[in-house]
Amino acid sequence: MSPFLQLQNVSKRFGALEVLRDLNFSLARGEFVAIVGFSGSGKTTLISLMAGLLRPDHGSITLNDLPITEPGPDRGIVFQNYSLLPWLTVFENIFLAVDQCFPNWSLAKKTAHVEQYVALVNLSPACDKRPGELSGGMRQRVSVARALAMDPLLLLLDEPLGALDALTRATLQDEISRIWETQKKSVVLITNDPDEGIYLADRIIPLNPGPGATLGPSFAVDLPRPRERQSLNHDPRFKRLRRDVIGYLTSAQRQQRAEVHRTLVLPDIEPEDLSNPRPLLGGRRRPIRRREIKHENIAV
Amino acid sequence: MSSPNSSKLPKVPKLDWLILPVLGFLVALGLWQLISMTIAQELPSPAKTWRESRDYVLKPFDKRGEMDQGILRFTWYSLVLVAKGYAIALLVGTPIGFLLGLSKTFSRAFDPIIQVLRPVSPLAWLPLGLVLFLGAGKQASELGALFTIAICAMWPTVLNTAVGVRSIPQDYLNVARVLKLSRTKTLFRVLLPATLPYMFTGFRLSLGIAWLVIVAAEMLTGRPGVGGFLWQEYNALNYSRIILCILTIGSVGFVLDRLMSLVERRFKTA
């Protein structure tokens, strides 16, 4: 059986900048995979390709053997910046998605469905608030609830916790973990935090830094679930995984660094003496160019 | 942290918002009096202005003749005409703004024309409006005035709507794409609400212009209204009533702007 989600030899460039080159990736049904990389290494481009918001220049992306050509509600996305519509309440934001995905349901069924997912992310008291009245963590929960309420085949999380503070982050990680245990969706999580990836995922794959980013080797996370954050920190397997992943990423970045060649053009200009009076008509004298200076007397 | 600091600051008198504007008003009144006594003897003094226009202010809804009516009655005529022209401006301007914002082709094609037509004065449009509706007979002056108001007041709405549509965050559009909203649904559930704050800024500016134009339109067509009254009193050498008209026009404009900014704020928070 071919994998659930498959990317084969995918390349994407924006103008002269090649972001992804010959990228291969596959995801089994019900699997939770984390892709870890430095910021700016093309993570968001990668997930936009999976979502269908972008099309690859080369290569193919298939979900259930069908090529992905456009975004659709079968892939729920949680964006880093929440992407909630600020003029709608929490309920209405999720209802818009539910209404769109299940047009044949009765109003009562849709409402119950929305309320169920609001409760799932513990937001029932804030159901009638607008996103502007919520904290970042709460907004991200709404976003997660909206994605899940669409009952997607695949859940794409694009640095969902990137903009949150460390404590809120930990709480939401616990919640995502809990929700995943109950829903068993296929998930691709994009993150810049290896710990987050190891804590949540079955498999963790480093994304080599761009330009021309590809995926590194996949590290299986063989930690039993449910995972306890406290005990995890002392687990030797956790420590080894963490060291391997971070080690891989930093060495990949170092290699990348060695290849950088730049020609620096220094400004050809000299400091101006502002204490000299300006000419009467206000015409400014041209700044002095370094290459025009013939003799320089420096008083020490 | 801030409360002990702020209590040490010198106390600002609470009636500031009342006393200072009244003071400013008195200064302006004094200047007016001074000018009327010195350099412009023909300019009626504040007291004379009040004496001569008392009838129009104290009996604001009287109708003694076609061009001899209470000031609020005149204002009402003007407001009705403005409302009609303004409505046309919004109904025409908003869709054009959306098209400009949504379509690069449309924007490339029509933006230059809009930029050329936008700075044209109402005084220049009015004769054209009258020519356009020559065939309408008695209605010509009203239709011409409406045309002028609409075409002058339209631009802020057009441009602000276009800017609003262009500055809709990509996130909102991504939401629409992921949910596969239909075109109409995207327009009414995403584009329109996201643009509303910009649109209302445009609406407010448009209303200001519509009110500016009405005076010019009435002066040239001689229709009963604040502007028509002003022009008639100028021709009748009743200078004090010109000042009455100016003050009325200013106050009404101010009130309209305040009302619109209230509506605008209501949508800003949304």
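Here the residue numbering is sequential within each chain, running from 1 through the sequence in written order. As a convention, the first chain written is A and the first ligand written is 1, with the rest following in written order. The predicted origin of the model limits local features to residues at a pLDDT of at least 70 and limits the giving and counting of side-chain atom pairs to 80 or more, whereas totals for whole chains, interfaces and linings rest on all residues.

S.K.: Explain the overall build of chain B to me, and be specific about the residues and the numbers.
M.R.: The secondary structure listing takes helices from DSSP runs of H or I that are at least 4 residues long and strands from runs of E that are at least 2 residues long, numbered from the N terminus. The helix and strand inventory of chain B stands at 11 helices and two strands. The secondary structure elements of chain B, listed N-terminal to C-terminal, are α-α-α-β-β-α-α-α-α-α-α-α-α. Atoms counted for the radius of gyration: C-alpha only. Globule rule: 2.2 Å times residue count to the power 0.38. Whereas a compact globule of 270 residues would reach a radius of gyration of roughly 18 Å, chain B reaches 24 Å, over 25% beyond that. Across its three principal axes, chain B shows a C-alpha extent of roughly 75 × 70 × 35 Å. Buried residues in chain B amount to 34% of all 270 residues. Note that contacts rest on C-beta atoms placed from the backbone: two residues are in contact if these are within 7 Å. For chain B, the share of sequence-separated contacts (at least 6 apart) that also reach a separation of at least 24 residues comes to 68%. Three classes are used. A residue is buried when 20 or more other C-beta atoms lie within 10 Å of its own, exposed when 12 or fewer do, and partly exposed in between, with C-beta atoms placed from the backbone.

S.K.: Could you give an account of the packing of helix α7 (residues 140-166) of chain B against helix α9 (residues 183-221) of chain B, naming the residues involved and the relevant values?
M.R.: Residue and element names in this part refer to chain B. Working convention: axes come from line fits to C-alpha atoms, limited for helices to the stretch in contact. Angles between N-to-C directions cover 0 to 180 degrees. Between α7 and α9, the shortest axis-to-axis distance is 7 Å and the interhelical angle comes to 155°. Considering their axes alone, α7 and α9 lie roughly antiparallel with respect to each other. Two packed elements cross with a definite hand, and for α7 against α9 that hand is right-handed. In this count, Pro and Cys sit with the nonpolar residues alongside Ala, Val, Leu, Ile, Met, Phe, Trp and Tyr, while Asp, Glu, Lys and Arg are called charged and the others, Gly among them, polar. By residue class, the composition of the contact of α7 with α9 is 19 nonpolar, 12 polar and no charged. Geometric relationships in this document are graded by angle, where less than 35 degrees denotes roughly parallel, more than 145 denotes roughly antiparallel, 65 to 115 denotes roughly perpendicular, and other angles denote oblique. Whether a crossing is left-handed or right-handed is set by the direction in which the near helix is turned from the far one by less than a right angle, anticlockwise for left-handed and clockwise for right-handed.

S.K.: Any chance you could break down the pairing of strand β8 (residues 186-191) of chain A for me, citing the residues and the numbers?
M.R.: Residues and elements named next belong to chain A. Among the six residues that make up β8, six are buried, leaving the element largely enclosed by the rest of the structure. Residues of β8 alternate between two faces, with S186, V188 and I190 on one and V187, L189 and T191 on the opposite face, all of them buried. Pairing of strand β3 (residues 32-36) with β8, which is carried by five bridges, proceeds in the parallel orientation. When the sheet's bridge partners are listed, V36 is paired in β8 with T191. Following DSSP output, two strands are said to pair if at least two bridges run between them.

S.K.: If you had to explain the environment of L126 of chain B to someone new, which residues and values would you point to?
M.R.: Residue and element names in this part refer to chain B. Residue placement: L126 occurs in helix α6 (residues 122-132). A C-alpha to C-alpha distance of 26 Å links L126 and T161, two positions 35 residues apart in sequence. Those residues in contact with L126 that sit more than four places away from it in its chain are G144, T148, A216, A217 and L220.

S.K.: Give me the lowdown on the sheet that holds strand β1 (residues 5-14) of chain A, citing residues and values where you can.
M.R.: Residue and element names in this part refer to chain A. Taking strand neighbours across the sheet as the criterion, the four strands line up as β2-β1-β4-β5 in an open arrangement whose pairing is antiparallel. This sheet does not close on itself; its edge strands, each paired only once, are β2 (17-27) and β5 (66-67). As paired strands, β1 and β2 are joined by seven bridges and run antiparallel to one another. The residue bridging Q6 from the neighbouring strand is S26, located in β2. Most of the contacts of helix α1 (residues 43-51) go to β1, to which it runs at about 125°, and overall it touches β1, β2 and β4 (58-63).

S.K.: Give a description of the confidence of the model for chain B that names residues and reports values.
M.R.: Residue and element names in this part refer to chain B. Mean pLDDT over chain B stands at 87; residues scoring 70 or higher make up 93%. Contacts of residues 1-7 to residues separated by more than four positions or lying in other chains number zero contacts, the stretch itself having pLDDT below 50. Here the prediction assigns the complex a pTM of 0.75, and the interface score ipTM is 0.74. Values of pLDDT, the confidence the predictor places in each residue, fall between 0 and 100.

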